[in-house]
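Observations on the three-dimensional arrangement
These are the residues of each chain, in order.
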Amino acid sequence: MNAPAGLPPSLVGTGDLFQHLRDGTPRTRGDLARLSSLARSTVTARVDALLVAGLLRPVGEAASTGGRPPSRFALNGGDRVVVAIDLGASHASVAVSDLTNQVLAQRTVESDIADGPTAVLDRSAAIVQELLAELGRPVSDVAGSGIGVPGPVAHASGRPANPPIMPGWHDFDIPAHMAQHFGGPVLVDNDVNLMALGEHVTSWRSDRHLLLVKVATGIGAGIVSDGRLLRGALGSAGDLGHVHVAGAANDVVCRCGNVGCLEAVAAGPAIAARLRAHGLDVESSQDIVDAVTAGDVTALQAVREAGRDLGSVLATCVNLLNPSVIVIGGKLSEAGEYLLAGVREVVYQRSLPLATHDLRIVGTAAGSQGGILGAAAMVIDAVLAPRAVEVYVAQHLARSA
Ligand SMILES: [Zn+2]
């Protein structure tokens, strides 16, 4: 690959050196020389370039064994910001975050995804402008934008692909539209994928294999495999909602037209229908959570049973993917241990012992913030990638020349 225009040959590799500082831990030039196996003089030149570009900042002094203490450097997370937008069926969560994925400002508003892409994206962009103004940051500080949508997306092009609940969005060029508002890359992904990424970067970074399952009105999963999102050929990997549940009654017709789908037996509407048949006044997933929290025995049993149905599908996933963590998220995960207990009961019983040896099945830690954290993480990974860092350094050198 050619060096970015304007980057001196001696600074090629600066982006790779920078990766040793991505975790936020302050390091000395000596630390970096050891980690990168580069000569001290090479490290010094590259660190200087990163400092000039504002990508690093000096932090305190390292302990010294005598003489002048060596300076330490860390990622300068506040230099630029990223835009994170998490679009749901009826809401939009919008945040401005720094390069360490700390949310600096955030707002969630009601927003109907069926209003179509132009209205929804412009509404979200207007909120970003307000948040930037509140933070006193110019629009030119935006390094890139990450957007999660409630439907399948061709990640490479950022265009939704026949999303069932997003009329008017099919094949819409989201990156081209958002580029009218903000600079830098615009990356788009399915909301459940971003929840998985958000959970991974905030709570499970050392676990390279994670499966996040969202259980709400529908059921879907995001797969982190070897530290990266596994999207599949067309971006639909993890679409578990319409997997057939072994032993499911064949009279349960799913909205997709098949019978016995996981979503048709274990998602919010299915549980609510079962509870109504028992005389409970339950409509939404929130109503189910409320009934469980109130200790209604019928609701507890129904949620646990849904957990078992989910577990029977997840047992297969565990054998296939061998994750070390399964995170259960989405509205119904707020029903707490009852859903998890049902999942664990079946997964540990049905999966191979080796696959479950170190497997943890837990509730979400990121909760409703998962989508925002994942959207920001996706963009940060892009703007701090080795090549992007070198382009940025080259731009700074050109400007200061
Ligand atoms: Zn179905």
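In this report, the structure presented in the accompanying data block is examined.

Parameters at a glance
Residues numbered from 1 in each chain as written. Predicted model: local features only at pLDDT ≥ 70, side-chain atom pairs only at ≥ 80, totals over all residues. Heavy atoms only, no water. Donors = N, O, S within 2.8 Å, 3.2 Å for Na, K, Ca; no water. Tetrahedral: all angles 85-135°; square planar, octahedral: opposite > 155°, others 65-115°. Buried < 20%, exposed > 50% of the residue type's maximum accessible area, 1.4 Å probe, protein only. Phe/Tyr/Trp six-rings, centres within 6.5 Å; stacked < 30°, edge-to-face > 60°. Lys NZ or Arg CZ within 6 Å of the ring centre and 35° of its normal. Salt bridge = Lys/Arg side-chain N within 4 Å of Asp/Glu carboxyl O. Pairing = 2+ DSSP bridges. Helix = DSSP H or I, 4+ residues; strand = E, 2+ residues; numbered from the N terminus. Axes fitted to C-alpha atoms, helices over the stretch in contact; angles between N-to-C directions. Left-handed = near helix turned anticlockwise from the far one by under 90°. Nonpolar A, V, L, I, M, F, W, Y, C, P; charged D, E, K, R; others polar. Core = buried A, V, L, I, M, F, W, Y, C linked by side-chain atoms within 4.5 Å. Contact = heavy atoms within 4.5 Å. Polar contact = N/O pair within 3.5 Å; in protein donor to acceptor, adjacent residues only side chain to side chain.

A look at the coordination of the zinc ion
The protein atoms that coordinate the zinc ion are His242 (ND1), Cys254 (SG), Cys256 (SG) and Cys261 (SG), at distances of 2.0 to 2.3 Å. Coordination at the zinc ion comes from four donor atoms whose angles at the metal span 102 to 123°, giving a geometry best classed as tetrahedral. Residue His242 is classed as partly exposed on the basis of its relative accessible area, which comes to 31%. Owing to a relative accessible area of 1%, Cys261 belongs among the buried residues under this scheme.

Describing the packing of aromatic side chains
What the rule picks out here adds up to zero aromatic pairs. Of note, Arg80 hangs over the ring of Tyr392, and the distance from its end group to the ring centre comes to 3.7 Å.

Quick look at the pattern of salt bridges
For the structure shown, the criterion picks out 21 salt bridges. Between Asp141 and Arg137 there is a salt bridge whose closest N-O contact spans 2.6 Å. Put simply, Lys331 and Glu334 hold a salt bridge, and the shortest N to O gap is 3.1 Å. Look at Glu334 and you get partly exposed, because its relative accessible area is 47%. A single salt-bridge network, built from bridges that share partners, covers Arg304, Glu305, Arg308 and Glu345.

Section: the sheet that holds strand 13 (residues 228–229)
If you trace the five strands from one edge of the open sheet to the other, you get 13-12-11-14-15, paired in mixed fashion. Because the sheet does not close on itself, it has two edges, and the strands there are strand 13 and strand 15 (360–363). Pairing of strand 11 (residues 210–215) with strand 12 (residues 219–225), which is carried by six bridges, proceeds in the antiparallel orientation. Paired with Val213 across the bridge in strand 12 is Ala221.

Focus on the pairing of strand 6 (residues 103–110)
Pairing of strand 5 (residues 91–98) with strand 6 involves seven bridges; the strand directions are antiparallel. Looking at strand 6, one finds that Ala92 is bridged to Val109. Between strand 5 and the antiparallel strand that follows it, strand 6, lie four residues; Asn101 among them carries a positive phi value of about 65°.

Examining the packing of helix 10 (residues 297–321) against helix 11 (residues 337–350)
At a closest axis distance of 6 Å, the pairing of helix 10 and helix 11 adopts a crossing angle of 35°. The two elements helix 10 and helix 11 meet at a crossing, and its hand is right-handed. Within the contact of helix 10 with helix 11, the residues separate by chemical class into 13 nonpolar, five polar and four charged.

Description of the pairing of strand 7 (residues 142–149)
Residues in a regular strand point their side chains to alternate faces of the sheet. With eight of eight residues buried, strand 7 is to be regarded as a mostly interior element. Here six bridges tie strand 4 (residues 81–87) to strand 7, and the two strands are oriented parallel to one another. Among the inter-strand pairings, Ala84 is bridged to a residue of strand 7, identified as Gly146.

Thoughts on unusual backbone geometry
Despite not being glycine, Ser37 has its phi angle at roughly 60°, a positive value. With respect to the helices and strands, the residue Ser37 is situated in the loop between helix 2 (29–36) and helix 3 (40–52). For Ser37, a relative accessible area of 68% puts it in the exposed group.

Re the nonpolar core
By size, the foremost hydrophobic cluster in this structure holds 48 residues, and its most contacted members are Phe18, Leu55, Leu210, Leu384 and Val393. Looking at this core, the element that brings in the most residues is helix 13 (residues 370–383), giving eight residues. Among residues more than four places away in sequence, those in contact with Val393 are Leu7, Ala49, Leu50, Ala53 and Leu55. Core analysis: the next-biggest nonpolar cluster, separate from the first, contains 42 residues, Val282, Val303, Ile328 and Ile361 among them.

A look at the side chain of Asp141
Residue placement: Asp141 occurs in the loop between helix 4 (117–135) and strand 7. A polar atom in the side chain of Asp141 sits 2.6 Å from the side chain of Arg137. Look past the residues within four positions of Asp141 in its chain and what remains in contact with it is Asp79, Arg80 and Val81.

Structural measurements only, silent on function.
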